[in-house]
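Understanding the architecture of this molecule
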There are 2 protein chains.
Amino acid sequence: MTGATPLYLDCDTGIDDALALAYLLASPEVHVAGIGTVSGNVSAAVAAENTQALLALAGREEIPVAVGSTDPLRGTFAGGSPDVHGQNGLGGVSLEPATARPDPRDAVDLLIDLARQYPGELRILAIGPLTNLAQAIEREPELPALVRDVVVMGGAVLAPGNVSAVAEANIANDPEAAAAVLSADWDVMLVPLDVTMEHTLDELGRRRLLEAPEAISRAVGESLEAYLDRYLQVYGYRACALHDPLAAALLVGTVQPTRAPRVPVVVDHSDGPGRGQTIADMRGQRRGPVDVPGARCQVVLETDLQVGPVLLDRLAGPPVA
Amino acid sequence: MTGATPLYLDCDTGIDDALALAYLLASPEVHVAGIGTVSGNVSAAVAAENTQALLALAGREEIPVAVGSTDPLRGTFAGGSPDVHGQNGLGGVSLEPATARPDPRDAVDLLIDLARQYPGELRILAIGPLTNLAQAIEREPELPALVRDVVVMGGAVLAPGNVSAVAEANIANDPEAAAAVLSADWDVMLVPLDVTMEHTLDELGRRRLLEAPEAISRAVGESLEAYLDRYLQVYGYRACALHDPLAAALLVGTVQPTRAPRVPVVVDHSDGPGRGQTIADMRGQRRGPVDVPGARCQVVLETDLQVGPVLLDRLAGPPVA
C-alpha cells in the first residue's frame, strides 16, 4: 500500500455499492483505510453486514467497517429500496456472514479518526446518503480542512431525478445532510445521474464477472441479475446504470471528467415539491464549461471513458465470446 | 376573419412579445379578439401602452387591449427587466402613443367575456406571467371548460432557468398563478426555455425586419437591436432567443412540436431555492416521448422548424444580400 491514497468509503451496500467496493479493492491507486455505512438502499446495519461479507470474500477483513447513522438528520429511515436492490441489498444473493465484528466506533468517529491519521491526504468517497459526513462535520468542524477532497455519487442536475421528478435517492434520503456537506469548505466532486445514467453494464458484462478470478467479483456478478431486470424498463434492454462504480473510478482516476464545471450548488431541503433536488447553477455554461469563481463543487457531466470496460478490465476475465 | 380561430393574447410587451404580436397580426389562421396585459418585462400599464402603440402602427386599433394585474397574486411587482427589454420595454425605441384608450374592462373580464363569446373556440396565448389567467379562473370557474386550449411560454424543464438556476421569468414572476393555471382542467401547451433558447434571430434577420413592408415589423426590428446586444454573452454572437414568437407560431400551427410529451407538471411555489421552477416529470422519457395518462400539460422540447425563418417569411421582405 505504499504510496496509495488513503480512502474512507461511506456506503449503503447495495448492488452498485458492492461493485464499487470490488473495484476499489482491486485498485492499487487507493488504500481503503475504513468504511462507514449509512441507511439508504438498506439500513446502516444491513449495509455493514453486506460490506463485511464482501470483504471476507475478498480476504480483506482487516479493513474496519463502522456502522453509521440509521436515520437521516430529520425524520426516520423509510426502509430502503428492496424493489431495486432486493430485500437484502444484494439482489437476493446470500453471502456467508463475515466473522469479523463491526468496528466499535460509529462511522462518524471512524471518519474523524482517519482524517486525523492522514491529514491533508484522506479522500472520501460517499455513495450513499450524506448523513455520516454531515454529522462528522458537526462533531469535528475541522474535518473539511483535514480531508483532501470528497467524491459524492448523488443528485440530478439537468437530468430527471430517480425518486422524484427532480430528486436523486442519495440526496433525497437526507437533504439536510446533503445541504451541509455540499456547502462545507472542501472540494467536492459531484457525480449525478446526468452522467451515471450514461454508464451501463449489460448481460455480457455481467457474465464476465461471473467468470472472474476473484470470489467478490463473481458474487457481485450474481447480485447484478435482479438489478439488470429492474432497469429493463428504463433502458429497454437488460443493462444497469453504474452509479457508484463511476464515482469510484473518477476518484481512482481511471476515468477522467471531460465536462465538469465548478458551479454553485445548493440542495433543496424545503418541504416544497423540489425537496431533495441538487440545484446546480448551469446558467452561463451554454458556450462550454466555465468554472464559477469561488465554487468548490465540480459537477461531472461527461467523462473520457465508459466505466463498464474499465471495471471489467480490473475485475473480470477476458471477454466472453 | 371568417374561419379564423379567435385568440386572447396575454402579454407583458416586451421586445419578443412585440415580435409575437406582429406575427399574430400577420397570420390569417387566427383572429386576435382581445389582448390583456400583465406586469412582467414592464408594468401592466406600460405593456398596454406598448401594445396599443404597436396596434396603431399596424392599423389594428380596433382590437381591445385591457390592462391586467400590476401585482402578482402574492407580493408586489418588482419592476420588470429593463436590463433585457430597456426602460420602456421596447429597447428604447419610442413609438407614437396610440390614440385608442384601453378597454374599460380589466384583462380578466375581457378574457372571460371572450370565452363566453366563443365557447369551445377561444384559444389563449400567454407570454407573460400567468396572473390574469389565474384570476380569471378564480372569477369564472367555468373558464377552463369554455376555452379550447392554452399555450404558455414559460418554464425551464431540463434546461437551466433564466432568473434563477431553475426558474424562468414568466413563471418565477408569479409562481402561485402558474401553479393554478397549470393545474386547471384544460389543455396546456408549455413552451419552456428548453426549446425557446434553441430558436434565435440574428443581425441579418433583424435587418430584414428593418426593410419589411409593414411599419410594425420595422419598429420591432429597431427594438431588437438592444435585445441582440443583451444576448451576446449567452450565445457568443449577436442573436436573441425567440421565446414568445415560438409560442405564437406553435399556436398558429406554422411550427409543429416534434417532441412534446404530456407529463405531470407542478410549479414550485414554496419559499425554497426552487421557487418558480416548473417541475415536469420527465422520468420514463428516456426511450422516446411518452404521454403520461391523465396529464393535460404538453411540454414542447423540439419542433420541426426554426421559428426565425417562419417569422421572417410573413413579416419581412426578401433576404438581405
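Residues numbered from 1 in each chain as written. Chains lettered and ligands numbered in written order. Predicted model: local features only at pLDDT ≥ 70, side-chain atom pairs only at ≥ 80, totals over all residues. Heavy atoms only, no water.

**Here's the deal with the overall build of chain A**
Selection criterion: Strands here are runs of E lasting at least two residues and helices are runs of H or I lasting at least four, both read from the DSSP assignment and numbered beginning at the N terminus. For this measure, only C-alpha atoms enter the radius of gyration; the expected value for a globule follows 2.2 Å times N^0.38, where N is the number of residues. A 1.4 Å probe rolled over the protein chains alone gives each residue an accessible area, and that area as a share of the maximum for its type sets the label: buried under 20%, exposed over 50%, partly exposed in between. Every residue pair with non-hydrogen atoms within 4.5 Å of one another is taken to be in contact. Under the convention used here, Asp and Glu are negative, Lys and Arg are positive, and both His and the chain ends fall outside the count. Note on charges: their place is set at NZ of Lys, CZ of Arg, CG of Asp or CD of Glu.
On a plain count of helices and strands, chain A comes out with 13 helices and 13 strands. What you see for chain A is a C-alpha radius of gyration of 18 Å, in line with the 20 Å of a compact globule of 321 residues. C-alpha atoms of chain A, sized along the principal axes, occupy 50 × 45 × 40 Å. Across the 321 residues that make up chain A, the buried fraction comes to 60%. Across chain A, every contact between residues at least 6 apart in sequence was considered, and the portion connecting residues at least 24 apart equals 81%. The centroid of the 22 positive side-chain charges in chain A is displaced by 4 Å from the centroid of its 42 negative side-chain charges.

**Remarks on the pattern of salt bridges**
Stated precisely, the cut-off is as follows: Whenever Lys or Arg places a side-chain nitrogen within 4 Å of a carboxyl oxygen from Asp or Glu, that contact is recorded as a salt bridge.
Across all of its chains, the model carries 46 salt bridges over all chains by this definition. Aspartate 229 of chain A is the partner of arginine 238 of chain A in a salt bridge, and the nearest nitrogen-oxygen pair spans 2.9 Å. Among the salt bridges present, the one from arginine 283 of chain B reaches aspartate 281 of chain B, with a minimum N-O distance of 2.8 Å. Since its relative accessible area comes to 17%, aspartate 281 of chain B is described here as buried.

**A closer look at helix α12 (residues 243-252) of chain B**
With ten of ten residues buried, α12 of chain B is to be regarded as a mostly interior element. Along α12 of chain B, the residues that are buried comprise His243, Asp244, Pro245, Leu246, Ala247, Ala248, Ala249, Leu250, Leu251 and Val252 of chain B.

**Quick notes on the UniProt feature "domain: Inosine/uridine-preferring nucleoside hydrolase" (unreviewed entry) in chain A**
The cut-off we apply is this: UniProt positions are given in the numbering used here, feature names are shortened, and annotations may be inferred rather than shown by experiment.
Mapped onto this structure's residue numbering, the UniProt feature "domain: Inosine/uridine-preferring nucleoside hydrolase" (unreviewed entry) falls at residues 8-304 of chain A. For residues 8-304 of chain A, the helix share is 36%, the strand share is 16%, and the end-to-end C-alpha distance is 25 Å.

**Considerations on the state of the cysteines**
All names here are of chain A. In plain terms, the rule: The rule for a disulfide is simple: a pair of cysteine sulfur atoms within 2.5 Å.
For the structure on display, the rule yields zero disulfides over all chains. Of all cysteine sulfurs, the one in cysteine 240 lies closest to cysteine 11, which takes part in no disulfide; the gap is 18 Å. The buried category is assigned to cysteine 11, whose relative accessible area is 2%. On the basis of relative accessibility, which here comes to 0%, the residue cysteine 240 falls in the buried class.

**Quick look at the packing of aromatic side chains**
Residues and elements named next belong to chain A. Note the threshold: Side-chain rings of Phe, Tyr and Trp (the six-membered ring for Trp) are treated as a pair once their centres are within 6.5 Å; stacked means planes under 30 degrees apart, edge-to-face means over 60, and tilted covers the remaining angles.
Taken as a whole and judged by the stated rule, the model has six aromatic pairs over all chains. Centre to centre, the rings of tyrosine 235 and tyrosine 237 are 6.1 Å apart; their planes meet at 40°, and the pair counts as tilted. The exposure class assigned to tyrosine 235 is buried, which follows from its relative accessible area of 8%. Connected via pairs of aromatic rings, a cluster forms that spans Tyr227, Tyr231, Tyr235 and Tyr237.

**What to know about the relation of the copies chain A and chain B**
Counted only if it meets this: The least-squares superposition of copies is restricted to C-alpha atoms, and to residues with a pLDDT of at least 70 in both copies.
Placing chain A over chain B gives an RMSD of 0.0 Å and needs a rotation angle of 180°, together with 0.0 Å of translation along the axis. Put plainly, the chains are arranged around a two-fold axis. Within chain A, the C-alpha atom positioned nearest to the axis of rotation is that of leucine 158 of chain A, 2.5 Å from it. In this assembly, 100% of the residues forming the interface of chain A have copies in chain B that are likewise at the interface, indicating an isologous arrangement.

**Considering the side chain of serine 27 of chain A**
Operational definition: In protein, a polar contact requires one atom able to donate a hydrogen and another able to accept it; more generally it is a pair of N or O atoms within 3.5 Å, and residues adjacent in sequence count only if both atoms are side-chain atoms.
Tracing the backbone shows serine 27 of chain A in the loop between α1 (15-25) and β2 (30-37). There is a polar contact of 2.7 Å between the side chain of serine 27 of chain A and the backbone oxygen of tyrosine 23 of chain A.

**Considering the side chain of arginine 206 of chain B**
In this fold, arginine 206 of chain B is placed in helix α10 (residues 203-210). The class of arginine 206 of chain B is buried, set by a relative accessible area of 6%.

**Observations regarding the packing of helix α4 (residues 107-117) of chain A against helix α5 (residues 131-139) of chain A**
Each pair of packed helices can be summarised by the angle the axes make with each other and by the distance between the axes. Residue and element names in this part refer to chain A. Definition in use: Comment: axis = line fitted to C-alpha atoms, over the contacting stretch for helices; angle = value between 0 and 180 degrees taken between N-to-C directions. For a crossing to be left-handed, the near helix must be turned anticlockwise from the far one by less than a right angle; the clockwise case is right-handed. Residue polarity is assigned by list, with Asp, Glu, Lys and Arg as charged and Ala, Val, Leu, Ile, Met, Phe, Trp, Tyr, Cys and Pro as nonpolar; anything else, Gly included, falls into the polar class.
Closest axis-to-axis distance for the α4/α5 pair is 9 Å, and the angle between their directions is 60°. When you trace α4 past α5, the crossing you get is right-handed. Contacts from Ala107, Val108, Asp109, Leu111 and Ile112 in α4 reach Asn132, Leu133, Gln135, Ala136 and Arg139 in α5. The class makeup of the residues in the contact of α4 with α5 is six nonpolar, two polar and two charged.

**Describing the environment of alanine 47 of chain A**
All names here are of chain A. With respect to the helices and strands, the residue alanine 47 is situated in helix α2 (residues 44-57). Separated by 34 residues in sequence, alanine 47 and threonine 13 place their C-alpha atoms 4.7 Å apart. Excluding residues that lie within four positions of it along the chain, alanine 47 makes contacts with Cys11, Asp12, Thr13, Thr37, Val38 and Val42.

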